[in-house]
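Fold and geometry: a report
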Amino acid sequence: MLKGMTRLISRVHKLDPGRLLHTGTQAPQNLTANLDDQVSSERPRAISRTSENDPAQHEQRHEGQHYNIPLPDVKALFPQGLPPRYAKQVKTFNEACLMVRKPALELLHHLKNTNFAHPAVRYVLYGEKGTGKTLSLCHIIHFCAKQDWLVLHIPDAHLWVKNCRDLLQSTYNKQRFDQPLEASIWLKNFKTANERFLSQIKTQEKYVWNKRESTEQGSPLGEVVEQGMTRVRSATDAVGIVFKELKRQSSLGTFRLLVAVDGVNALWGRTTLKREDKSPIAPEELALIYNLRKVVQNDWNGGAIVLTLSQTGSLYKPRKAYLPQELLGKEGFDALDPFIPILVSNYNPKEFESCLQYYLENSWLQHEKAHTEEGKRELLFLSNSNPGQLERLCACL
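Read on for an overview of the structure. (Residues numbered from 1 in each chain as written. Predicted model: local features only at pLDDT ≥ 70, side-chain atom pairs only at ≥ 80, totals over all residues. Heavy atoms only, no water.)

Topic: the packing of helix 6 (residues 102–112) against helix 7 (residues 133–146)
To be explicit about the condition: For helices, the fitted line uses only the C-alpha atoms of the stretch in contact; every axis is such a line through C-alpha atoms, and the angle between N-to-C directions lies from 0 to 180 degrees. Working definition: helices are DSSP H or I runs of at least four residues, strands are E runs of at least two. Numbering for both runs from the N terminus. Crossing chirality is assigned from the near helix's rotation relative to the far helix, an anticlockwise turn below a right angle marking it left-handed and a clockwise turn marking it right-handed. Whether two residues touch is decided by their heavy atoms; if any such pair falls within 4.5 Å, the residues are in contact. By the convention adopted, Pro, Cys, Tyr, Trp, Phe, Met, Ile, Leu, Val and Ala count as nonpolar, Lys, Arg, Asp and Glu as charged, and the other residues, Gly among them, as polar.
The geometry of helix 6 relative to helix 7 is characterised by a closest axis approach of 9 Å and an angle of 35 degrees between their N-to-C directions. In the crossing of helix 6 with helix 7, the sense of the turn from one axis to the other is right-handed. Where helix 6 abuts helix 7, its residues Pro 103, Ala 104, Leu 107, Leu 108, Leu 111 and Lys 112 lie against Ser 136, His 139, Ile 140, Phe 143 and Cys 144. Grouping the amino acids of the contact of helix 6 with helix 7 by side-chain chemistry returns eight nonpolar, two polar and one charged.

This is the structure in structure tokens:
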């Protein structure tokens, strides 16, 4: 991801490791001037953290500050894991802190003022690579979970369209393919995050699995989940049933439903999967993708649909692509239209300073010149205020 930046850093390493943060680099003057003016009179601790850990209370005054998510909540809400580099931070710091940023605040405002009698509104987080779309989505998931919403989370839709093993012809529709391994993993994580709901929600139909096994109408939805986990051959069908039941019952008002899909652009385009005769498999021929497309339709009410577009892991797309039209293509764009686009951009001056202070507090950034204005300007120049690039730079220092 950072080949160009790595080449720039390597030149400095060749000179002297002790001079990695030297004084000769000129950062963009307008941004560094803003940074100096904005943070000079504030104490570092006050810049980097807020004591308000309830996302429902986050407002504009908290923007650029980190709040803490209790580690037990992290394990319950994100059983599939967090983005790898962020997960490494959580393990190293022994705490999970998210920065309160403008895109999440905008989304929180929309969710707090939603009329749930209307069809579910689709929100699409988009932005350049490394700007923090996934962590903004995590912020929203945490908010909804604290408000006692049921969370249907797909942490990386791209994993369902590439390098999948054990593709099987669907028993429900011979024209589609089941992905039992991927489906059973998702069911396990879904159960961990939403177990309290699974005994309360009752199935509205009878589901026949085979000649000897069935789930009767009025059974707890947890029985469908258990069927998919214990009978892996039925896992894909179980996921489809869970999706259908949640869409249908969310409008009854007994629970609020958040559909959160990271990398939703994977649902349209191409896959790496092939049949036995080596012909390509289209996304709509995968039962998981077929059912997920139906979930992100706004033909239901009682919740919200929050999606991210991701270039990371996307197939056959330009590396610089990040706009909705580029990543979704015409078919995907038309399928999601209408939606509310929310841009996730690079750090502003306050966020940049807050992030540096947080890294310094936790010794993620240890270079002796990191505290100096010259050092900050060099990090600003090398990272271009991109959150992902800044994290990688600081991890090396």
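Section: helix 14 (residues 373–383)
Note the cut-off: Exposure categories follow from relative accessible area, calculated using a 1.4 Å probe and restricted to protein chains: below 20% of the type maximum is buried, above 50% is exposed, and the middle band is partly exposed.
Taken together, the buried positions of helix 14 are occupied by Gly 375, Lys 376, Glu 378, Leu 379, Leu 380, Leu 382 and Ser 383. Asn 384 sits one or two residues past helix 14 and shows a positive phi near 55 degrees.

Details of unusual backbone geometry
The omega torsion across Asp 337 and Pro 338 is 10 degrees, close enough to zero to call that bond cis. Relative to the assigned elements, Pro 338 resides in the loop between helix 12 (324–336) and strand 11 (340–343). If you check the backbone angles, Asn 94 has positive phi at about 60 degrees while not being a glycine. Along the chain, Asn 94 falls in the loop between helix 5 (84–93) and strand 2 (96–99). Taking relative accessible area as the criterion, Asn 94 reaches 56% and is therefore assigned exposed. Even without being a glycine, Ser 385 presents a positive backbone phi close to 65 degrees. Positionally, Ser 385 belongs in the loop between helix 14 and helix 15 (387–395). For Ser 385, a relative accessible area of 3% translates into the label buried.

A short note on the environment of Ser 48
Our working rule: In protein, a polar contact requires one atom able to donate a hydrogen and another able to accept it; more generally it is a pair of N or O atoms within 3.5 Å, and residues adjacent in sequence count only if both atoms are side-chain atoms.
The residue Ser 48 is located in helix 3 (residues 44–48) in this model. Side chain to side chain, Ser 48 and Glu 361 meet in a polar contact 2.6 Å long.

Structural notes on the layout of surface pockets
Heads up, the rule is: Think of a 1 Å grid over just the protein atoms. A cavity is a set of points where a 1.4 Å probe fits yet cannot get out, a pocket is an open set with protein on both sides within 12 Å along at least five of seven lines, and lining residues have an atom within 4 Å of a point. Grid points are joined across faces, edges and corners, and a volume is the space filled by probe spheres set on the points.
Considered as a void within the structure, the second largest pocket measures approximately 650 Å³ in volume. Surrounding the second largest pocket, 25 residues form its lining, Tyr 172, Asp 237, Gly 240, Ile 241 and Lys 244 being those nearest its centre. In terms of residue count, the dominant contributor to the lining of the second largest pocket is helix 10 (residues 235–250) (seven residues).

Remarks on the state of the cysteines
So the rule is basically this: Disulfide assignment relies on a single distance test, namely cysteine sulfur atoms paired within 2.5 Å.
This structure, assessed with the given rule, holds zero disulfides. Here Cys 355 is not cross-linked by a disulfide; its sulfur's nearest cysteine counterpart is in Cys 394, at 6.4 Å.

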